[in-house]
Amino acid sequence: MIKPDGVQRGLVSEIIGRFERRGYRLVAMKLVQPSKQLAEQHYDDLRERSFFPVLTDFLSSSPVVAMVWSGEDIVVQGRAMIGATNPLKSAPGTIRGDLAIVTGKNIIHGSDSVESAEKEIALWFNDDELCTYEKCTETWIY
Ligand code: RTP
């Protein structure tokens, strides 16, 4: 999910492009204005953390781009592409390491396990919003 700061900063195409160029397949995508309740459900496991109110206020402050990507090892590789939670500890070449400097404004969320991805997909998408298709293997697609 591209968080409000990523959308506000005009980084949507930059972020989507990185996943596309890597070779991952887009399965679903939509611009959503999350309610506070949806933000709280999304970060349910962080309810006891002191930054939970600020985090969920921020997530519900402005539209986000919810996405589902698929492909070999996408959860682990996606997290690697995103970088560390604190952008200052994210390696150059990662999304956060290249594009962000503040933990609370780290522009993107990625599911941390297949299990949480399944939960989050169910939270953000209806089944009929997920597109099943094969990538074209014609030679003019690179
Ligand atoms: P995310 O869930 O957004 O992909 O981030 P993450 O796994 O890298 O980090 P997590 O621990 O799940 O934290 C979720 C988001 O909360 C904000 N945060 N603020 N100390 C703080 O102020 C603090 N720690 C975390 C970050 O925006 C983080 O992405």
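Residues numbered from 1 in each chain as written. Predicted model: local features only at pLDDT ≥ 70, side-chain atom pairs only at ≥ 80, totals over all residues. Heavy atoms only, no water.

- Looking at an unreviewed UniProt entry, one finds the protein chain named Nucleoside diphosphate kinase, with Gracilariopsis chorda as its source organism.
- Looking at the protein chain in UniProt, the text filed under Sequence similarities (unreviewed entry) is "Belongs to the NDK family."
- If you open the UniProt record of the protein chain and go to Catalytic activity (unreviewed entry), you find "a 2'-deoxyribonucleoside 5'-diphosphate + ATP = a 2'-deoxyribonucleoside 5'-triphosphate + ADP". (UniProt positions renumbered as here; feature names shortened; annotations may be inferred.)

### Things to note about the packing of aromatic side chains
Okay, so step 1: A full pass over the atoms with the stated rule returns one aromatic pair.
Okay, so step 2: The side chain of R25 reaches across the aromatic face of Y133, ending 5.7 Å from its centre.
Okay, so step 3: Between the NZ or CZ atom of K105 and the centre of the ring of F58, over which it lies, the distance is 4.4 Å. (Phe/Tyr/Trp six-rings, centres within 6.5 Å; stacked < 30°, edge-to-face > 60°. Lys NZ or Arg CZ within 6 Å of the ring centre and 35° of its normal.)

### Describing the UniProt feature "active site" (unreviewed entry) in the protein chain
Okay, so step 1: The positions UniProt marks with the feature "active site" (unreviewed entry) are H109.
Okay, so step 2: With respect to the element layout, H109 can be found in the loop between α6 (95-99) and α7 (114-124).
Okay, so step 3: Given the relative accessible area of 14%, H109 is considered buried.
Okay, so step 4: Those residues in contact with H109 that lie beyond four places of it in its chain are M1, K3, H42, Y43, I82, R96 and E120. (Helix = DSSP H or I, 4+ residues; strand = E, 2+ residues; numbered from the N terminus. Buried < 20%, exposed > 50% of the residue type's maximum accessible area, 1.4 Å probe, protein only. Contact = heavy atoms within 4.5 Å.)

### Notes on the site of the ligand
Okay, so step 1: Every residue lining the ligand is accounted for by K3, Y43, L46, F51, L55, R79, T85, R96, T103, N106, H109 and G110.
Okay, so step 2: A distance of 2.6 Å is found between an oxygen atom of the ligand and a side-chain nitrogen or oxygen belonging to Y43.
Okay, so step 3: Here an oxygen atom of the ligand and a backbone polar atom of G110 are 3.3 Å apart.
Okay, so step 4: Split by residue class, the shell around the ligand holds four nonpolar, five polar and three charged. (Near = heavy atom within 4 Å. Polar contact = N/O pair within 3.5 Å; in protein donor to acceptor, adjacent residues only side chain to side chain. Nonpolar A, V, L, I, M, F, W, Y, C, P; charged D, E, K, R; others polar.)

### Some thoughts on the UniProt feature "binding site: ATP" (unreviewed entry) in the protein chain
Okay, so step 1: Cross-referencing UniProt, the feature "binding site: ATP" (unreviewed entry) maps to K3, F51, R79, T85, R96 and N106 in the present numbering.
Okay, so step 2: Counting through the fold element by element, F51 comes out in the loop between α3 (36-42) and α4 (52-59).
Okay, so step 3: Checked against the element boundaries, R96 lands in helix α6.
Okay, so step 4: Sequence-distant contacts of R96, that is, excluding residues within four places in its chain, are made with K3, I82, G83, A84, T85, P87, S90, N106, I108 and H109.

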